[in-house]
Structure formats: C-alpha cells, structure tokens
Amino acid sequence: MTRMTGAQALIKSLEMENVDTIFGLPGGCILPAYDPLLESSIRHVLVRHEQGAGHMAEGYAHVTGRPGVAMVTSGPAATNLVTPLMDAYMDSIPMVGITGQVATGAIGTDAFQECDTVGITRSCTKHNELVMSADDIPMAVRVAFHIATTGRPGPTLIDVPKDVLENEMTWYWPSDDEVKASLPGYRPNTKGHPRMIKEAAKLIMQAERPLLYVGGGMLKARAAEVLRELVDLTGIHVVTTLMARGVFPDSDPLNLGMPGMHGNAYTTTAMQQSDLLINLGARFDDRITGRVGSFAPHAKVIHVDIDPAEQGKVRKPDVPIVGDCRLVTEELVKEIIALQEGGVAQPDLGPWKSRISGWREQFPTTYEQSEPGNALKPQFCLEQLRELAPEGTILTSGVGQHQMWSSLHWKFEEPYTWVNSGGLGTMGFSIPAAIGAKMGRPDRTVWAVDGDGCFQMTAQELVTATVERIPIKVALLNNSYLGMVRQWQEMFYDERYSEVYLSTEYPDYVKWAESMGCVGIRVESPEEVAPAIEKANSINDRTVVIEFRTDSNEKVFPMVPAGRSNDDLLVHPTQTAIRDRLA
Amino acid sequence: MTAVNPKGSSLNHHILSVLVQNRPGVLARVASLFARRGYNIYSLAVAPAEDEGMSRITIVVDVDTAPLEQIVKQLFKLIDVVKISELDPRRSVERELLLATVRVDVEHRSQIVELATIFEAKMLAVGPDAMTVSLEGHPDKLDDFEELLSDRGIVELQRTGRVALPKLDRGAHLRVNTPNSPRGNTKGTVR
C-alpha cells in the first residue's frame, strides 16, 4: 500500500498513461501538482499564455495521434483554456485538460481565482469531471484518457481542487474492466453494420459518377492505407476536406484536393455532379455543402462516421454506417473484392473521369504573379516554401486567407503533416500548434504559416519556443489586413472597409522576432523569397520568422459566397469568361 | 434558446425516458444540451430510478425544433446517459401532479369544492379568501382542471411535469436506444 498525495497520484497517473509531455503554466490552485513534476520523467513545456498550452496540446495530438495534455491553474487560466478545448471539440482532437480548482471548502464562495470550470467547459468538452477526493484521481485520469481517445476523439477535462491535490490517498491503478464498469453509458460502436456495408459496396459497384468524400475521421482512424486500397480497387477520385489533407497524396492524379467554399472549382463541381458520395469520416460541414438544399442534388450518400449523431444531422444518408472509419473501410474493401470476384463490375467510369479532367484542365486553382516592383503574391511564397521544404515537413496554419492558400497550394504527400483549426476557425492557432507538433515530432521540420492578424494573437509563444528550445519556422504572410474579412468587405460590402486594416508599419516583425530570441527575416521581392527560405531551412537551433510582405488586394479564389449554392461558385477572375464550361 | 412551453399536451408530443448515472451535474448536462442545440422542452421531471446510482429523467420534447432522432442521438452522446427510451403516449401511462391556490371567498368556496370533487382533486388547505387543491392524474386531465380553475383566479400554480412508464398490457413495445444499432435505434421490449 503506497501512500501518496493526490498531486503525486495525478502525476503518476499521467505517467501510467504514457504522457511524455505536458504543456502548462502553474498558478495558485495547481501548485501542488507542479511539485512532484520535478521528479517526473514527463517533460513540461512552460507556455506564456494558457491558450498556447491548449493549442500546443492539440498540435501534439494532431501529429502523434496521442492525446495532448495541458495543465493550468484555476479561474482565468481555466477560462483561457476554453478556446483550445472548443477547438479540439470541433476538430475531434484527443486532448486532456487538467485545471486546478479552489479547495473543496471554498467552492461556491467566489474565492480568489474561482470559476465554475466544469460548468463553463461542459459544452466544449466530450466529458469533464470535478474530482472531489484524492482517492478518485487515478480513475478520473484513466476515464479522461479513455474518453478522449476512443469513439469520436475529443477533449476531456479534469478539474482538481487544491486540497484534493494535497490530501493523501492509497495508490491504486484501475483496471480496464473497472474503467468500463464506471461508464455504463459509454460504448462507442466501432464495427460497422455488416448489412449496411454490403449495401454500400453494392452502391459503389453501381455508381457512374462516384466520389470518395474523405474527412478528418479517416486521419483520426489512421485509415490512410486502407483508403489507398479502396482507391486502387475502384479507381474512384478522392476529395480531401480541409481536415483530411494529407490522408491521400496530392501527387496522385485521383486526388482532387479540397472542396467547398474555397475549394478547387473542379472539386466542388465534381461533388455537385456526383451520383454517389462515399463520405468517409466527414460531416457535411456548411463550408463544404454551401446551401444544403442544393448540395450534390443527384448524389446518393453513403455516410461512414463513428458518431451516430452525425448520421442525418445535415444530409440524410442512403446508407448510414456507424463505425470506425478504418474498420469499416477494411470491411468495405473485402465486400467489393467479393463482388468483383463474383463477376460484378463497375460501370465504365471513363466519361465521368474525362469530365473531371476537363474541369481540372480548364479551371486549375491559380493566381497571377505580381508585376515587378509590386508586393509579393502569398501563393508564390507558399509554392516556394513547398518547393524547398525538407521531406516530411509538417505544416501548421492559422485561420483565414493564408490557411486556404496553404490547403490549396501546398502538396501534401503523407498523413499527419497538416495541422490547422478547421471547425472553430481559431485565429492564432498556428504558432502554438507548431510548437506542439515539433514536440510530438522533433525529427520533422515544422513550418507555421501565419497571417499578420493571427500572428499578433499568439506570437508570445515564440518566447516559449526559444526558451524551451523547440525550434520551429514561421512563414508570416503579412498583408497588413485581416485579409479574409477584407476580402468579404470588398466583395460583399461594396468595398466598405470597416476595421480590417491593421498597419503596414507596426509592429516591426523582424525586431519582434529577434526580441523573442528568433532569427527575423523580412522579404519584399520575389527574388528574395527562395534565399530567405533556404536560410531558414538551414537554421535548426533557433526559431526563424520570415515576414513576407504580401499583396493586400489578393483574394482567395475560387469562392462560394456564404449561403449560396455550390453551383454559384466564383472562379478566379481570369477564368470568368469560360465560367459556363463548369457544369 | 430553450423555452419551456406552457403545455405539452399536443397530440404528437414525444416522451423520452432517459436513464442516467446519478452523478453531480448530470441534470445540467442534459439541460444545457437542449439549450445548446436549440431544442425545446415541454416538461422535465427527474428522480432516482430503481437501480442504485441511477436516475430517470422524463423529458417531453417539442419535435418542431429538431427531429427526434437527432435529439436522441445527441443525448446519447452524453457520457452519463445510459439508456434512452422513447415512450409512445398511446402505449404509456403518464402522470403529473398539480398544486394550485385559488382565490375564493367563503361564499363561493363550494364551487371550487364541487369542481375538485368532480375531478377527484384533494383540498389541501383552506383560508378565508383562498384554498389550495392538488390533483394527480393524466396531464390532459390536469390541463382541463387548470383551465376551469383559471376562470376562478389562480393565485399560484405548480405542476411537476409529466412522468411516464410503458404500459404493461401485452408487452407494450418501446424504442430503446443502444449505440450498437446502425442508426442508434432498435426495437426493444420492456422487461
């Protein structure tokens, strides 16, 4: 019988869960938990703002598939963690938040740094729990990790009062059975219904204009290999949503890339014209569907999702399959092989494929290179970055135009190399996520693409990167504006620019980067782009920030205006004259 | 967003009997789910169930705000929710309790007493200018009683919200929600 404090039990429980990294910032109520950390094998990364800790945990989870852990104190620290928790909830990222809480006797008295953390985070976690006894800590930790990583992954939170951390308990580690027994209402279904899978295989073998509509669920299920098998078997084109970029190589001609509001014109159009959407782990997000009533009107739908509530939430599927994307796709492959061996053949997909190639040739996702002496085109900077990126580079992004350009112009060749905030659209995600990703994959080069608006929200974490020696690289596309908002005001508010101009002079990003211990480089002309990137790639002991001064007029095309049908998408201005060929 | 509608007696109301683990905050989880997703509740009643550590929440939902299937699936995502049964009003017994204090002087008291007698309500307290009555029964009956009482001037009224269980005759069927079925719904039978 080993006696220990709740704090020791907490850290020991995290070790038992194979946690190697905690992102956090100590404070009053969580203090007891920081003491045993000194003896622990766990690496703690001291952040500059608790939001950074949360996004780092997410970045870590994105690239490793293991839950990221953020530990912060009570009150304002817990509320600062709310944004990353919601972000992780929207994007189904496994993450465990640990917050300090005022002592049990003080709960409800409006004590110093008290807040109702469990109440506040109820709707932005998959599950949360206030631990009221030191004896309960190991079970609470096990349950939090179990729930965060199984079924549809997501964030969980454990709120631990200070006296619970200080009190003594007798150590025990609950068994799997005990964990299961404590959760009678939690039985995620991973195996798809065999009859539904048969039905899906039949539909796939009949479809004349099928598309694989692949979402983040395939990455969560680690199903890239079986996706490859399915594509090789059927020859069906793959659409990779913003959350699924990397699950299938962009160099494969069957990959159509990102669809939707800022998706490739040929990708969005192919979905509109499809007669069968095979949705693997995507959720018919509004950024994909446009106006739901006119989305892919001719398509039957097979929907594979581990979350039963996603079935029929937006689009009623013809064949709903609740289950783990990898297990279901494996079964689907078996069924298709069985049908093929039984002599069933797909219709000739030739006409459909040639339509897609036609759209693709005539409506490539494009931009116009800037005239000499004019500001840089952000797409050009990204293309150069991609050209020169070491193999296996992980790309993270903030939210806005630079995010869409990254998804459109980067070529992803392997899974878990793209980290971004899709569902919540959290500006400032890029830098802390990159630091978390670098902690998870120290062997990889991590480039954080950022906008100037985003950069100013979380740049302080570059101090963390420097002090903790986690070298990342930042490509700051500085167009002096909140670019995406500016684009909407230009296009839909008669060029009435309201509160979107940040500044062309301030801050001085090079000086700022240098003051945080980074190498700062400013790039203003096209010929400087490649040398700057090469220099950045050659520096591996410090974080490098390259500020690219980019054209503030540049807009993201294609675009489906909000609330409109995907049939109404706006192509790049240079393609407007032939717009009617897109049908 | 979530409004508690005054009457739940529309013909197509749906009753969900939700078995939950009796953990701190479980009611808040259920209530905030309805608020967060914009679903409306007609009534909600909660009390410990037959199994130790479990509570049963009876919710009458307004399916005009969201399809019932989506409400059930979202509810089932709550970790503390163990079982959801959708009770068909035609195949369930439903009960509710009403307490009302009515303004009435001595002269007209007999009219209230008469009404109470017809409805088999109980008279709980009588004062010089008011009386308190209680009525237990089917929610529709309570609606009628309340309407007649309101003509007399109700000072205060409290209804419990309905509770319901499946009827026992001929093994009444109810839909039981389990996570293992393709759409999260299968037919089950009452024990």
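Going by the structure above, here's the rest.
Please read all numbers here as calculations on a predicted model, not as lab measurements.

Draft legend 1. Structural view of the overall build of chain B. The number of helices and strands found in chain B is 4 helices and 11 strands. Contacts spanning at least 24 positions in sequence make up 71% of the contacts within chain B whose residues lie at least 6 apart. Carbon and sulfur atoms make up 54% of the accessible area of chain B, which totals about 9900 Å².

Draft legend 2. Looking closely at unusual backbone geometry. Residue and element names in this part refer to chain A. Along the chain, Tyr506 connects to Pro507 via a cis peptide bond; the corresponding omega equals -5°. Here Pro507 is to be found in the loop between α22 (483–492) and α23 (509–515). Note the cis peptide between Phe557 and Pro558, where omega equals 0°. Take Pro558: it is sitting in the segment after β20 (544–549). Phi is positive for Gln113, close to 55°, though the residue is something other than glycine. The residue Gln113 is located in the loop between β5 (95–101) and α6 (117–120) in this model. Judged by relative accessible area, which is 26%, Gln113 ranks as partly exposed.

Draft legend 3. Representation of the sheet that holds β5(A) in the model. Residue and element names in this part refer to chain A. Spatially, the 6 strands line up as an open sheet ordered β3-β2-β4-β5-β7-β6, and their pairing is parallel. Each of the sheet's edge strands pairs with one partner strand only, and the pair in question is β3 (43–46) and β6 (127–130). Across the sheet, the mean angle from the axis of one strand to that of its neighbour is 20°, orientation sign disregarded. Relative to strand β7 (residues 155–161), β5 is paired through 7 bridges, and the arrangement is parallel. Each residue of the ladder has a partner; that of Ile98, found in β7, is Ile158. Packing against the sheet, helix α7 (residues 137–149) makes contact with β4 (68–72), β5, β6 and β7, and its axis sits at approximately 165° to β7.

Draft legend 4. Layout of a negative patch on the surface. Taken together, the side chains of Asp140(B), Asp144(B), Glu147(B) and Asp151(B) make up a negatively charged region of the molecular surface. Along the polypeptide, Asp140(B) turns up in helix α4 (residues 139–150).

Draft legend 5. Region of interest: helix α1 (residues 26–37) of chain B. Given a rise of 1.5 Å per residue, 12 residues ought to cover 16 Å, and the 17 Å separating the end C-alpha atoms of α1(B) matches this to within 8%. Buried within α1(B) we find Val26(B), Arg29(B), Val30(B), Leu33(B) and Phe34(B). End-on, the buried residues of α1(B) take up no more than an arc of 130°, which puts them together on one face. Of the surrounding secondary structure, the elements contacted by the buried residues of α1(B) are β6 of chain A together with β1 (14–21), β2 (40–48), β3 (54–62) and α2 (68–77) of chain B. Positive backbone phi, at 75°, marks Gly38(B), one or two positions downstream of α1(B).

Draft legend 6. Expanded view of the sheet that holds strand β18 (residues 473–478) of chain A. Read from one edge to the other, the open sheet built from 6 strands follows the order β16-β15-β17-β18-β20-β19 (chain A), with strand pairing classed as parallel. Each end of this open sheet is capped by a strand with a single partner; those strands are β16 (418–419) and β19 (519–523) of chain A.

Draft legend 7. Structural detail: the interface of chain A and chain B. Contacts between the two partners involve 26 residues from chain A and, on the opposite side, 22 residues from chain B. For the pairing of chain A and chain B, the buried interface totals around 2100 Å² over both sides, and the portion due to carbon and sulfur atoms is 53%. Three residues, Arg122(A), His127(A) and Gly185(A), lead the burial of chain A against chain B; their summed loss comes to 24% of the area buried on that side. There are 1 salt bridge connecting chain A and chain B. Notably, a salt bridge pairs Asp307(A) with Lys77(B), separated by 2.5 Å at the nearest N-O pair.

Draft legend 8. Representation of the packing of helix α12 (residues 224–234) of chain A against helix α15 (residues 325–341) of chain A. Residue and element names in this part refer to chain A. Following both chains from N to C, one finds α12 and α15 inclined at 25°, their axes separated by 9 Å at the closest point. Considered as vectors, α12 and α15 are oriented roughly parallel to each other. With respect to the hand of their crossing, α12 and α15 are arranged in left-handed fashion. On α15, the residues touching Val226, Glu229, Leu230, Leu233 and Thr234 of α12 are Arg326, Thr329, Glu330, Val333, Ile336, Ile337 and Gln340.

Draft legend 9. Region of interest: the packing of aromatic side chains. Residues and elements named next belong to chain A. By the definition in use, this model includes 14 aromatic pairs over all chains. Ring geometry for Phe284 versus Phe295: centroids 6.1 Å apart, planes at 75°, classification edge-to-face. Here the residue Phe284 occupies a position in the loop between β12 (276–280) and α14 (286–289), and Phe295 occupies one in the loop between α14 and β13 (300–305), the gap between them amounting to 11 residues. Take Phe284 and Phe295: they sit in the same class, and that class is buried.

Draft legend 10. Region of the structure containing the nonpolar core. Residue and element names in this part refer to chain A. Membership of the largest hydrophobic core comes to 45 residues, with the highest contact counts inside it found for Phe23, Phe455, Leu462, Ile472 and Val474. Looking at which domains feed residues into this core, each of domain 1 (3–181) and domain 3 (378–549) gives three or more. Setting aside its immediate chain neighbours within four residues, Phe23 contacts His44, Val45, Val47, Ala53, Met56, Ala57, Tyr60, Val69, Ala70, Met71, Gly436 and Met439. In this structure, Ala207, Leu219, Ala221 and Phe248 belong to the second largest nonpolar core, which totals 39 residues.

Draft legend 11. Layout of the packing of helix α17 (residues 378–388) of chain A against helix α18 (residues 401–409) of chain A. Residue and element names in this part refer to chain A. Where α17 meets α18, the axes come as close as 10 Å, and the angle between the chain directions of the two elements is 50°. The angle between α17 and α18 falls in the class oblique. Crossing handedness for the pair α17 and α18: right-handed. Between α17, through Pro378, Gln379, Leu382 and Glu383, and α18, the contact on the second element is made entirely by His402, Trp405, Ser406 and His409. Along the lines of polarity and charge, the residues of the contact of α17 with α18 split into 3 nonpolar, 4 polar and 1 charged.

Reading guide: rules and limits
- Residues numbered from 1 in each chain as written.
- Chains lettered and ligands numbered in written order.
- Predicted model: local features only at pLDDT ≥ 70, side-chain atom pairs only at ≥ 80, totals over all residues.
- Heavy atoms only, no water.
- Helix = DSSP H or I, 4+ residues; strand = E, 2+ residues; numbered from the N terminus.
- Contact = heavy atoms within 4.5 Å.
- Areas by Shrake-Rupley, 256 points an atom, 1.4 Å probe, with all protein chains shown as cover.
- Buried < 20%, exposed > 50% of the residue type's maximum accessible area, 1.4 Å probe, protein only.
- Pairing = 2+ DSSP bridges.
- Axes fitted to C-alpha atoms, helices over the stretch in contact; angles between N-to-C directions.
- Patch = residues over 30% accessible without salt bridge, like charges linked within 9 Å, V, L, I, M, F, W, Y side chains within 5 Å.
- Salt bridge = Lys/Arg side-chain N within 4 Å of Asp/Glu carboxyl O.
- Lys, Arg positive; Asp, Glu negative; His and termini not counted.
- Charge placed at Lys NZ, Arg CZ, Asp CG, Glu CD.
- Expected span 1.5 Å × (residues − 1).
- Arc of directions from axis to C-beta.
- Buried area = accessible area lost by both parts, 1.4 Å probe.
- Parallel < 35°, antiparallel > 145°, perpendicular 65-115°, else oblique.
- Left-handed = near helix turned anticlockwise from the far one by under 90°.
- Phe/Tyr/Trp six-rings, centres within 6.5 Å; stacked < 30°, edge-to-face > 60°.
- Core = buried A, V, L, I, M, F, W, Y, C linked by side-chain atoms within 4.5 Å.
- Domains from an automatic or database assignment.
- Nonpolar A, V, L, I, M, F, W, Y, C, P; charged D, E, K, R; others polar.

Don't take any of this as a statement about function, it's just geometry.
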